[in-house]
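What follows is each chain in one-letter form.
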Amino acid sequence: MTDATEGAVAEDAFAFTGTWREYLPIAASNFFLTILTLGIFRSWAKARERRYLWSHTIFIDDRLEWTGTGKEMFIGLLFAMLVAALPLFLLNLLAQSLALHGQPLLAGLITFGIYLFAMLLFGFARFRALRYRLSRTWWHGIRGGSDVKGGHYAWSSLWKTAVGFFAASFLMPWALTSLWNERWNAMSFGPHRFDAAANTDGLMARWALFVIAPAVIAFAGIAMAISSGPALLFIPFLLAYAGYFVGGLVFYAAYFRKVIGTLQLGEIGFVFEASDWDLAKLILGDIALVICTIGLGSMFLSYRHWSFLIRHLGATGLVDLENFTQSTARVPREAEGFADALDIGAF
Amino acid sequence: MSDGVAAWHYDGRSAVRRHVHLSIEDGALHIAETGDMVPLDRLRAAGEGKIERFGLADQPGWRIELIGDVDPAWRALLPRQEKHGRLMDRFGVWPVLILCGALAVVAIMLFGMGTRVAARAVPLSWEMSLGEMASGRLDESSCAGPAGRDALARLVARLHPDGPPIRVSVADLPIVNAVTLPGRQVILFRGLIDQARSPDEVAGVLAHEFGHVEHRDAMVALLRGYGLSLLLGGVDGGAITQTLISNRYSRSDESAADAAGLEMLQHAHISPRGIATLFDRLGRMEPTGGATARLFALLSTHPLSADRRRMFLEAPAAAASPALSPADWEALKASCRK
């Protein structure tokens, strides 16, 4: 007997069924084992964490499944360290010694080279991490992936980010959305390619707020302090920080609503419904959690972020299971070592 | 509808979900609706916690998930779901935690010994060129008065009469400290000489640094720093672990250098009390916080515990004579004055 093979997707198609009590033993043993194994367990900890999070994430009628292993992540990390971290370390040493030996120009050039290399690596790592995660994510016995290697994306990421800084960084929303599109358009799930077509409509005003507000507050504060005495100088800086925080929040909330809201997979569309205030509560909650537990609460951050994403994620459109066939994208073996080594996420 | 245990099934080719009924016959799982017979030993657990899901190693995406509670008789025949990972499921969470703790202690010890052995294995010529790189421009800011240099050379020769030479220079900086760099180099900062009231005090600090030179501690510290940053680089809580480990190491380095320094002082018939009196005096005048505190770096990088202080104060100093003649001492003090 077969379930219905075609149907409309309900708005609340995504659900998260995990509970923090159930997750606590996993988080705690991961945390302590990671410290006790001097960090080596980290890869296995991540695999275990994702197995829990994925298997408590429901899409329509069934849970996701994570099939990545700790072993492959560890090997990926070692590999990334060898080809990325070691050259970076050696180049840095060389630059320092050249600076000490009175060769500031050469040292500067090498430092610039290090930056370029690191930026390239950053883009590459982000692409590969996403590709790896999709290739290990299964739903209804079907997985995702990509046949694109990511070298081209790394260059795009470098030049688009650089261009983004032009014009007082006002091209940044364009850089962010266009890189998101490039990344996701290379990905697929089952037989379908993702289709990402985000533009910057509605993002520019928020970006302006993010960039200008803290600076205006800081300048106003400094002007105030000059006229009233420097004793209260910390207040404008505090306000500027607050402005930066609020501006960032307001921008990124809209950014994620935009990029996820314009993402399509076959006939499925996605929605991200977190309001600015929802995101603010998440981040403030993170900060309170970490501070109140003197850092121990940090073991819950990935759980909080994942469950937040899933709870606010929705889908629309149609799924045709009969034609939702197995992915033919190659299965990468090197896990997400580069992203791991550089400590960045996939989204 | 046939009898059997209800389950969901995916064939791994399309996303169509089938509601099937299972039975076990002759060591194989029989799927009534498809007629498939899957040997039980080909099944592997693909669930999480209480989710009873099974897959096949050679057929990606092929899945069976039992609906509802599992019959105990079936449970015994099917592969067990992983709960915490293979190792912990087998031996229990606590034994694994304790074992890892013990292994961590052993690993830290081995790492400490390993970097020491590795540092000794680095050819001295390599270390010398590395030292060149590290000292760089400090050389240019060193005090070059010939009289002071000769006086310092006599003190160095007295403390360290044989073995490969140690290069000692005085850097014209107001910091009260001395450092050992790779490549058998010791740098005394002018601030230390300014603060010292007798040549014995300078000799005490120098002897301690020579202890570091003999133990190749600068090289060891370099390897350790790199090794740790490589090992713990991106680890959550790695910074804490790293600080803990490297503090632990450097404390043992310091006491080993103390012991070696004390021996050198006694061989050279110089009173070991100098270092204790210097630290006592600096401790009394130690400024709290700010940039001046950084100038008194000697106190923070070489904290003088009660034990260390006693060791230097109570060491026999019977046949001791001043570390430098009054004229040499004056010359050393004057070496940075233009």
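Undergrad: Before we move on, could you go through the overall build of chain B and cite the residues and values that matter?
TA: Tallying secondary structure elements over chain B gives 14 helices and ten strands in all. In chain B, which comprises 338 residues, the share counted as buried stands at 46%. Considering only contacts within chain B whose residues lie at least 6 apart along the sequence, 62% involve residues at least 24 apart. Carbon and sulfur atoms provide 60% of the accessible area of chain B, an area that totals close to 17000 Å².

Undergrad: Residues and numbers for the overall build of chain A, please.
TA: Tallying secondary structure elements over chain A gives twelve helices and twelve strands in all. Its C-alpha atoms give chain A a radius of gyration of 22 Å, near enough to 20 Å, the size a compact globule of 347 residues would have. Dimensions of chain A, computed from the C-alpha atoms along their principal axes, are close to 80 × 45 × 40 Å. Buried positions account for 50% of the 347 residues belonging to chain A. If you sum the accessible surface of chain A, you get close to 16300 Å²; carbon and sulfur atoms cover 72% of it.

Undergrad: Can you explain a nonpolar patch on the surface? Please cite residues and give values.
TA: On the surface, a nonpolar cluster with roughly 570 Å² of combined accessible area is contributed by Trp155(A), Trp159(A), Phe166(A), Leu171(A) and Trp174(A). Within the element layout of this structure, Leu171(A) appears in the loop between helix H6 (166-169) and helix H7 (172-185).

Undergrad: Account for the environment of His21(B), naming residues and giving values.
TA: All names here are of chain B. As for its placement among the helices and strands, histidine 21 is situated in strand E2 (residues 18-25). The class of histidine 21 is buried, set by a relative accessible area of 9%. Considered as a pair, histidine 21 and glycine 4 are 17 residues apart in the sequence and their alpha carbons are 5.1 Å apart. A polar atom in the side chain of histidine 21 sits 2.9 Å from the side chain of glutamate 33.

Undergrad: Summarise the sheet that holds strand E1 (residues 5-11) of chain B; cite the residues concerned and give the values.
TA: Residue and element names in this part refer to chain B. The seven strands are arranged E4-E3-E2-E1-E7-E6-E5 in an open sheet whose pairing can be described as antiparallel. The open sheet has two edge strands with one neighbour each: strand E4 (37-39) and strand E5 (43-45). On average, each strand axis in the sheet is inclined to that of its neighbour by 35°, with strand direction left out of account. In this sheet, strand E3 (residues 28-31) lies alongside E2 in antiparallel orientation, the contact comprising four bridges. Bridge assignment links leucine 22 to a residue of E3, and that residue is isoleucine 31.

Undergrad: Could you give an account of the nonpolar core, naming the residues involved and the relevant values?
TA: Counting 68 residues, the largest nonpolar core has Phe59(A), Trp184(A) and Phe194(A) as the members making the most contacts within it. By residue number, the principal contributor to this core is helix H9 (residues 234-261) of chain A, which donates seven residues. Grouped together as the second largest cluster of nonpolar side chains are 39 residues, Cys143(B), Leu159(B), Ala268(B) and Leu332(B) included.

Undergrad: For the environment of Val163(A), give the residues involved together with the corresponding values.
TA: Residues and elements named next belong to chain A. As for its position among the elements, valine 163 is in helix H5 (residues 151-164). Looking at valine 163, the relative accessible area reads 23%, which means it is partly exposed. In this structure the C-alpha to C-alpha distance between valine 163 and alanine 175, which are twelve residues apart in sequence, comes to 7.5 Å. Ignoring any residue separated from it by four or fewer positions in sequence, one finds valine 163 in contact with Leu171 and Trp174.

Undergrad: Account for H5(A), naming residues and giving values.
TA: All names here are of chain A. An ideal rise of 1.5 Å per residue puts 20 Å on 14 residues; H5 measures up with 20 Å between its terminal C-alpha atoms. Listed as buried for H5 are Tyr153, Ala154, Ser156, Ser157, Leu158, Lys160, Thr161 and Gly164. Packing partners of the buried residues in H5 comprise helix H4 (104-135), H6 and H7.

Undergrad: Summarise the sheet that holds strand E3 (residues 57-59) of chain A; cite the residues concerned and give the values.
TA: All names here are of chain A. Strand order in the open sheet formed by three strands is E2-E3-E4, with antiparallel pairing between adjacent strands. The outermost strands of the open sheet, each flanked by one partner alone, are strand E2 (14-16) and strand E4 (62-63). Against the sheet, helix H2 (residues 42-55) makes contact with E2, E3 and E4, and its axis sits at roughly 40° relative to E3, the strand it touches most. In the packing of helix H11 (residues 301-311) onto the sheet, the strands contacted are E2 and E3, and the crossing angle to E2 comes to about 150°.

Undergrad: Go over the pattern of salt bridges, please, and point to the residues and values.
TA: Counting across every chain of the model gives 25 salt bridges over all chains. A salt bridge links Arg53(B) to Asp62(A); its shortest N-O distance comes to 3.3 Å. Separated into two different chains, Arg53(B) in strand E6 (residues 53-56) and Asp62(A) in strand E4 make up a pair that spans both. The exposure class assigned to Arg53(B) is buried, which follows from its relative accessible area of 4%. On the basis of relative accessibility, which here comes to 5%, the residue Asp62(A) falls in the buried class. The structure contains a network of salt bridges with shared partners spanning Asp61(A), Asp62(A), Arg63(A), Glu65(A), Arg17(B), Arg53(B), Arg63(B) and Glu65(B).

Undergrad: I'd like a rundown of the pairing of E2(B), residues and numbers included.
TA: All names here are of chain B. The sheet contact formed by E1 and E2 spans five bridges and is antiparallel. In the sheet register, alanine 6 faces E2, and the bridge partner there is histidine 21. The turn joining E2 and E3, which pair antiparallel and follow one another in sequence, is formed by two residues; a positive phi near 50° is taken by aspartate 26.

Undergrad: Please set out helix H10 (residues 276-292) of chain A residue by residue, giving values where relevant.
TA: All names here are of chain A. In a regular helix each residue adds 1.5 Å, so 17 residues correspond to 24 Å; H10 covers 24 Å between its end C-alpha atoms and thus fits that length. Buried residues of H10: Asp278, Leu279, Ala280, Leu282 and Asp286, and no others. At the exit of H10 stands isoleucine 294, carrying a positive phi of roughly 40°.

Undergrad: An account of the interface of chain A and chain B is needed here, citing residue identities and associated values.
TA: With 43 residues of chain A in contact, the opposing surface of chain B contributes 46 residues. When chain A packs against chain B, close to 3900 Å² is buried across both sides, 60% of that on carbon and sulfur atoms. Of all the elements in the fold, those that place two or more residues in the side of chain A that touches chain B are helix H1 (20-36), H2, E4 and helix H3 (70-100) of chain A. Here the side of chain A that touches chain B gets seven residues from one element, more than from any other, and that element is H1(A). Its residues assigned to classes, the side of chain A that touches chain B shows 18 nonpolar, 16 polar and nine charged.

Undergrad: Give a description of the packing of aromatic side chains that names residues and reports values.
TA: Considering all chains together, one arrives at 32 aromatic pairs over all chains under this definition. For the ring pair Phe251(A) and Tyr252(A), a centre distance of 5.0 Å and an interplane angle of 80° mean the geometry is edge-to-face. Under the relative-accessibility criterion, Tyr252(A) is labelled partly exposed at 30%. Through a chain of ring-to-ring contacts, three or more aromatic side chains come together here, namely Trp180(A), Trp184(A), Phe194(A), Trp207(A), Phe210(A), Tyr244(A), Phe251(A), Tyr252(A), Tyr255(A), Phe256(A), Phe272(A) and Phe308(A). Over the ring of Trp8(B) we find Arg17(B); its NZ or CZ atom is 3.7 Å from the centre of that ring.

Rules of the game
- Residues numbered from 1 in each chain as written.
- Chains lettered and ligands numbered in written order.
- Predicted model: local features only at pLDDT ≥ 70, side-chain atom pairs only at ≥ 80, totals over all residues.
- Heavy atoms only, no water.
- Helix = DSSP H or I, 4+ residues; strand = E, 2+ residues; numbered from the N terminus.
- Buried < 20%, exposed > 50% of the residue type's maximum accessible area, 1.4 Å probe, protein only.
- Contact = heavy atoms within 4.5 Å.
- Areas by Shrake-Rupley, 256 points an atom, 1.4 Å probe, with all protein chains shown as cover.
- Rg over C-alpha atoms; globule rule 2.2 N^0.38 Å.
- Patch = residues over 30% accessible without salt bridge, like charges linked within 9 Å, V, L, I, M, F, W, Y side chains within 5 Å.
- Salt bridge = Lys/Arg side-chain N within 4 Å of Asp/Glu carboxyl O.
- Polar contact = N/O pair within 3.5 Å; in protein donor to acceptor, adjacent residues only side chain to side chain.
- Pairing = 2+ DSSP bridges.
- Axes fitted to C-alpha atoms, helices over the stretch in contact; angles between N-to-C directions.
- Core = buried A, V, L, I, M, F, W, Y, C linked by side-chain atoms within 4.5 Å.
- Expected span 1.5 Å × (residues − 1).
- Buried area = accessible area lost by both parts, 1.4 Å probe.
- Nonpolar A, V, L, I, M, F, W, Y, C, P; charged D, E, K, R; others polar.
- Phe/Tyr/Trp six-rings, centres within 6.5 Å; stacked < 30°, edge-to-face > 60°.
- Lys NZ or Arg CZ within 6 Å of the ring centre and 35° of its normal.

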